[in-house]
Amino acid sequence: MKISVVGTGYVGLVTGACLADAGNDVLCLDLDESKIKILKDGGIPIHEPGLLDIVRKNVAAGRLRFTTSVEESVAFGLVQFIAVGTPPDEDGSADLKYVLAAARNIGRHMTSEKVVVDKSTVPVGTADKVRAAIADELAQRKSDLPFHVVSNPEFLKEGAAVEDFQRPDRIVVGVDSARAIDVMRQIYAPFQRNHDKLMVMDVRSAELTKYAANAMLATRISFMNELANLAETLGADIEQVRMGIGSDSRIGYSFLYAGCGYGGSCFPKDVKALIKTASENGHTLQVLTAVEDANEAQKSVLVNKITTAFGKDLKGKRFALWGLAFKPNTDDMREAPSRVIIDALLARGATVCAYDPVAIDEAKRVLGASIDYANRAVDAIEGADALVIVTEWKEFRSPSFDLLAEKLKTKRIFDGRNLYDPAMPAQYGIIYEAIGRKI
């Protein structure tokens, strides 16, 4: 099948590459010429494990190509995936200008039937707006070409997006025509050979499903963070509590890790957008409002621990910071807790030397020269008063505690991801402060 994908970000590029890997002919469109140049030169503009190999393999096989030409993209595919960004507007709602611009381009240039698939995370009712935009462009051309609009939300975790696409838990498809169902079944047949994972529903239910999933996961995280703060006060250990409640089959262990808050391109944006959607329709989502407030507060928990230990004036203090990305296996720093923590430390007069396995270039773009950067984790601790851990990269899980005890001037670790058994750093005389742990 010939498929066009509009947008080459996390969702668009993973979707295009994986569909090409299943044997489809895929053309990816992006108006950002720098991104397309990187792709045509054999690279990828994002960090995503396994993606580069798939892109290169399918480009070499002739199944995956890239363009900046809207006309070429619209003409190419029967199926037109829209996978552009929906950044939060000032009021918290999702900005649909890129989605609707893509829809209008399809309506403006199509010369045959199209199946238009909303892959971007969009508010309920967006498919109606996409349909209206395409219909309006066709009406201006006095054309009655057939088209179908589908909601097919992505459920891809950054850092595991390729695996999630190729081995999905479920494939949600919101449709309103038999033709669209047939096309979507054909596209996703290679990804569900073991059993049928396609969930066909109405379009609005599909749109809401995506927001509901992310909101539920964000709720679990904020709940555990608030419980961790309480556990600390009560003298309980949140890790033991996590094990105790996670063993309940009704709850499970996923997304029950306490830490210094969630970030990234999805949870913060989607929670805000769902709250805004509810407000626009006369509802107040009290639980989600609390989830968002709790998460913002949690990003400051480590800073509060630091100022308790060193005082609010941190002039002359230097902190090593391990982890800049909002989670492991990505270089994405959008809404990352590291940014809040770094800003707070700098505002109090401290200096920071940061290390991250893959996000240094992105950090330099975002933070510039406001902090120092290290090429290795051990380099970051040189001359540091204390270590602050913000991202749970694997390479941070088994450090040389004797080296940390030797290098850190105050022998202190502030761990925002609860990586260590508190007894371990204590053996080396290190003062270990984590989130909700019994020290």
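About the cut-offs
- Residues numbered from 1 in each chain as written.
- Predicted model: local features only at pLDDT ≥ 70, side-chain atom pairs only at ≥ 80, totals over all residues.
- Heavy atoms only, no water.
- Salt bridge = Lys/Arg side-chain N within 4 Å of Asp/Glu carboxyl O.
- Helix = DSSP H or I, 4+ residues; strand = E, 2+ residues; numbered from the N terminus.
- Buried < 20%, exposed > 50% of the residue type's maximum accessible area, 1.4 Å probe, protein only.
- Phe/Tyr/Trp six-rings, centres within 6.5 Å; stacked < 30°, edge-to-face > 60°.
- Lys NZ or Arg CZ within 6 Å of the ring centre and 35° of its normal.
- Pairing = 2+ DSSP bridges.
- Right-handed = clockwise from strand over helix to strand, strands pointing away.
- Core = buried A, V, L, I, M, F, W, Y, C linked by side-chain atoms within 4.5 Å.
- Contact = heavy atoms within 4.5 Å.
- Expected span 1.5 Å × (residues − 1).
- Arc of directions from axis to C-beta.

Chemist: Which residues make up the pattern of salt bridges, and what values go with them?
Modeler: Oppositely charged side chains can pair when the atoms bearing their charge come close. Across all of its chains, the model carries 32 salt bridges by this definition. The salt bridge partner of Arg334 is Glu158, with a shortest N-O separation of 3.9 Å. Here Arg334 is found in the loop between strand S9 (318-322) and helix H14 (337-347), whereas its partner Glu158 is found in the loop between strand S6 (147-151) and helix H7 (161-166), with 176 residues between them in sequence. Close ionic contact of Lys407 with Glu382 constitutes a salt bridge, the shortest N to O distance being 2.9 Å. Here Lys407, found in helix H17 (residues 401-407), pairs with Glu382, found in the loop between helix H16 (377-380) and strand S12 (386-389); they are 25 residues apart in sequence, far enough to count as distant. Accessibility expressed as a relative area gives 41% for Glu382, which makes it partly exposed.

Chemist: Break down the packing of aromatic side chains for me, with residues and values.
Modeler: Here the structure, examined in full by the defined rule, presents twelve aromatic pairs. Here the aromatic rings of Phe165 and Tyr188 are separated by 6.2 Å at their centres, their planes lie at 40°, and the arrangement is tilted. With Phe165 in helix H7 and Tyr188 in helix H8 (residues 178-188), this pair connects stretches of sequence that are 23 residues apart. Taking the relative accessible area as the measure of exposure, Phe165 reaches 5% and is therefore buried. Here the aromatic rings of Phe310 and Phe414 are separated by 6.3 Å at their centres, their planes lie at 55°, and the arrangement is tilted. Taken together, the residues Phe310 in helix H13 (residues 301-310) and Phe414 in strand S13 (residues 412-415) connect sequence positions 104 residues apart. As far as the burial class goes, Phe310 and Phe414 line up, both buried. Taking NZ or CZ as reference, Arg412 lies 5.9 Å from the ring centre of Phe310, over its face.

Chemist: Any details on unusual backbone geometry? Residues and values, ideally.
Modeler: Backbone geometry places Phe255, a non-glycine residue, at a positive phi of 55°. Residue class for Phe255 comes out partly exposed when judged on its relative accessible area of 30%. One non-glycine residue, Lys411, lies in positive phi territory at about 50°. Within the secondary structure, Lys411 is located in the loop between H17 and S13.

Chemist: I'd like a description of the pairing of strand S10 (residues 351-355), backed by residues and values.
Modeler: Among the five residues that make up S10, four are buried, leaving the element largely enclosed by the rest of the structure. The pairing of S9 with S10 spans five bridges and is parallel. Bridge assignment links Phe319 to a residue of S10, and that residue is Val352. With two bridges joining them, S10 and strand S11 (residues 372-373) adopt parallel strand pairing. Among the inter-strand pairings, Ala354 is bridged to a residue of S11, identified as Tyr373. The parallel pair S10 and S11, bridged by helix H15 (residues 360-367), forms a crossover whose chirality is right-handed.

Chemist: Break down the nonpolar core for me, citing the residues and quoting the values.
Modeler: Among the nonpolar cores identified, the biggest contains 41 residues, and Leu51, Phe81, Ile187 and Tyr188 are the most heavily contacted of them. Of all the elements, helix H1 (residues 10-21) adds the most residues to this core, at eight residues. Apart from the residues lying within four places of it in its own chain, the contact partners of Leu51 are Leu13, Val14, Ala17, Ile44, Ile46 and Val162. Residues Val303, Phe310, Ala363 and Val388 belong to the second largest nonpolar core, which totals 37 residues.

Chemist: Give me the sheet that holds S13: which residues, what numbers.
Modeler: Read across the sheet, six strands follow the order S11-S10-S9-S12-S13-S14 without closing on themselves; strand pairing throughout is parallel. Edge positions in the sheet fall to S11 and strand S14 (431-433), since each of these pairs with one other strand and no more. Note: S12 against S13, four bridges, orientation parallel. Considered in S13, the bridge of Ile389 is made with Asp415.

Chemist: Outline helix H12 (residues 286-298), listing residues and values.
Modeler: For H12, built from 13 residues, the straight-helix expectation of 18 Å at 1.5 Å per residue is met to within 8% by its first-to-last C-alpha distance of 18 Å. All of the buried residues in H12 are Leu288, Val291, Glu292, Ala294, Asn295 and Gln298. Seen along its axis, H12 keeps its buried residues to an arc of 165°; they face one direction. Of the surrounding elements, those touching the buried residues of H12 are helix H9 (203-234), helix H11 (267-280) and H13.

Any link to function would need more than the numbers given here.
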